[in-house]
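# Examination of the molecular architecture
Okay, here's what each chain looks like letter by letter:
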Amino acid sequence: MNATIKHSIRQLAIWTAAWLVTTAIAVFGPTFIWEGNTALSALFITINLAVGAGMVFANIRHVLSLDEMLQKIQLQAMGLTLGVTLIAGIAYSIADITDVISQDAEISFLIILMGLTYLSVLAILNKKYS
Amino acid sequence: MKNRLKVLRAENDYTQADLAEKLEVSRQTVNAIETGKYDPSLPLAFKIARLFGQPIEQIFDDEGS
């Protein structure tokens, strides 16, 4: 692994950690820190969005730092993840609307599915090309 | 696609890591090309050809694909 890729991974990890921290503050802050102050909630949601944008750009820089085969692996993993999440997300939403499932559809289930799909496909493709 | 990359690498006493560094790709990519699991793009194939001083068609052979 060359120095450029190591640097881009480190940058991506920092931005991702920062996004997670700002997400946690935006979610739990109104309950445990500022007790329902809407202005502070809006401020931290804005900060969360800004840091999220930074994470997206860090991810773009990371993918561009990879060589052509590793970029192909990322493209396939992200493409499959997008497809699976879209199809499962719509089906999940329809199941909620039509009362096929008893509980409300939660975005967290989709995020978990997205993460697991991406990691699984990445592992399979890395094994395939190793 | 078949190729002679492994032979050429051995003839030049390069490790996969050496070759990866010269081609500015990962060692995983060099390994995948050598084992025929990944076909390089035209620019990378030209880079390989220039490095070993041979025409592309003497390194890569698409008859096996």
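Just above sits the structure.
First, a word on scope: everything that follows refers to the structure included in this document. (Residues numbered from 1 in each chain as written. Chains lettered and ligands numbered in written order. Predicted model: local features only at pLDDT ≥ 70, side-chain atom pairs only at ≥ 80, totals over all residues.)

## Things to note about the interface of chain B and chain A
Contact with chain B, which involves 10 residues of that partner, is made by 8 residues of chain A. Here the side of chain B that touches chain A gets 4 residues from one element, more than from any other, and that element is helix H3 (residues 27-34) of chain B. Looking at side-chain class alone, the side of chain B that touches chain A contains 4 nonpolar, 5 polar and 1 charged residues. (Contact = placed C-beta atoms within 7 Å. Helix = DSSP H or I, 4+ residues; strand = E, 2+ residues; numbered from the N terminus. Nonpolar A, V, L, I, M, F, W, Y, C, P; charged D, E, K, R; others polar.)

## Brief notes about helix H1 (residues 3-32) of chain A
Over its 30 residues, H1(A) extends 41 Å from the first C-alpha to the last, a length consistent with the 44 Å expected when each residue adds 1.5 Å. Largest kink in H1(A): about 35 degrees, centred on Ala26(A), with the proline Pro30(A) one to four residues after it. (Expected span 1.5 Å × (residues − 1). Bend = angle between axes of the 7 residues up to and from the residue.)

## Side note on helix H2 (residues 38-65) of chain A
All names here are of chain A. Its 28 residues give H2 an end-to-end C-alpha distance of 40 Å, which sits within 8% of 40 Å, the value for a rise of 1.5 Å per residue. Restricting attention to buried positions, one finds in H2 the residues Asn48, Met55, Ala58 and His62. The secondary structure elements touched by the buried residues of H2 are H1. (Buried ≥ 20, exposed ≤ 12 C-beta atoms within 10 Å, placed from the backbone.)

## Considering the nonpolar core
Counting residues in hydrophobic clusters, the biggest one holds 14 residues, and the most contacted among them are Met69(A), Val30(B) and Ile33(B). Put simply, the parts of the chain that give this core at least two residues each are helix H3 (68-97) of chain A together with helix H1 (5-11), helix H2 (16-23) and H3 of chain B. In contact with Val30(B), other than residues within four places in its own chain, are Gln16(B), Leu19(B), Ala20(B), Leu23(B) and Val25(B). (Core = buried A, V, L, I, M, F, W, Y, C linked by C-beta atoms within 7 Å.)

## A look at the packing of H2(B) against H3(B)
Residue and element names in this part refer to chain B. At a minimum axis distance of 8 Å, the contact between H2 and H3 shows a crossing angle of 105 degrees. The angle between the axes of H2 and H3 places the two elements in the roughly perpendicular class. For the pair H2 and H3, contact is made by Gln16, Ala17, Leu19, Ala20 and Leu23 and by Arg27, Thr29, Val30 and Asn31, respectively. Taken together, the residues of the contact of H2 with H3 break down into 5 nonpolar, 3 polar and 1 charged. (Axes fitted to C-alpha atoms, helices over the stretch in contact; angles between N-to-C directions. Parallel < 35°, antiparallel > 145°, perpendicular 65-115°, else oblique.)

## Digging into unusual backbone geometry
Within the chain, Asp99(A) stands out as a residue other than glycine whose phi angle is a positive 60 degrees. Here Asp99(A) is to be found in the loop between H3 and helix H4 (107-128). In this structure, Glu24(B) is a non-glycine residue whose phi angle is positive, near 60 degrees. Here Glu24(B) shows up in the loop between H2 and H3. Taking the number of C-beta atoms within 10 Å as the measure of exposure, Glu24(B) has 12 and is therefore exposed.

Spatial relationships are all this shows, so hold off on functional conclusions.
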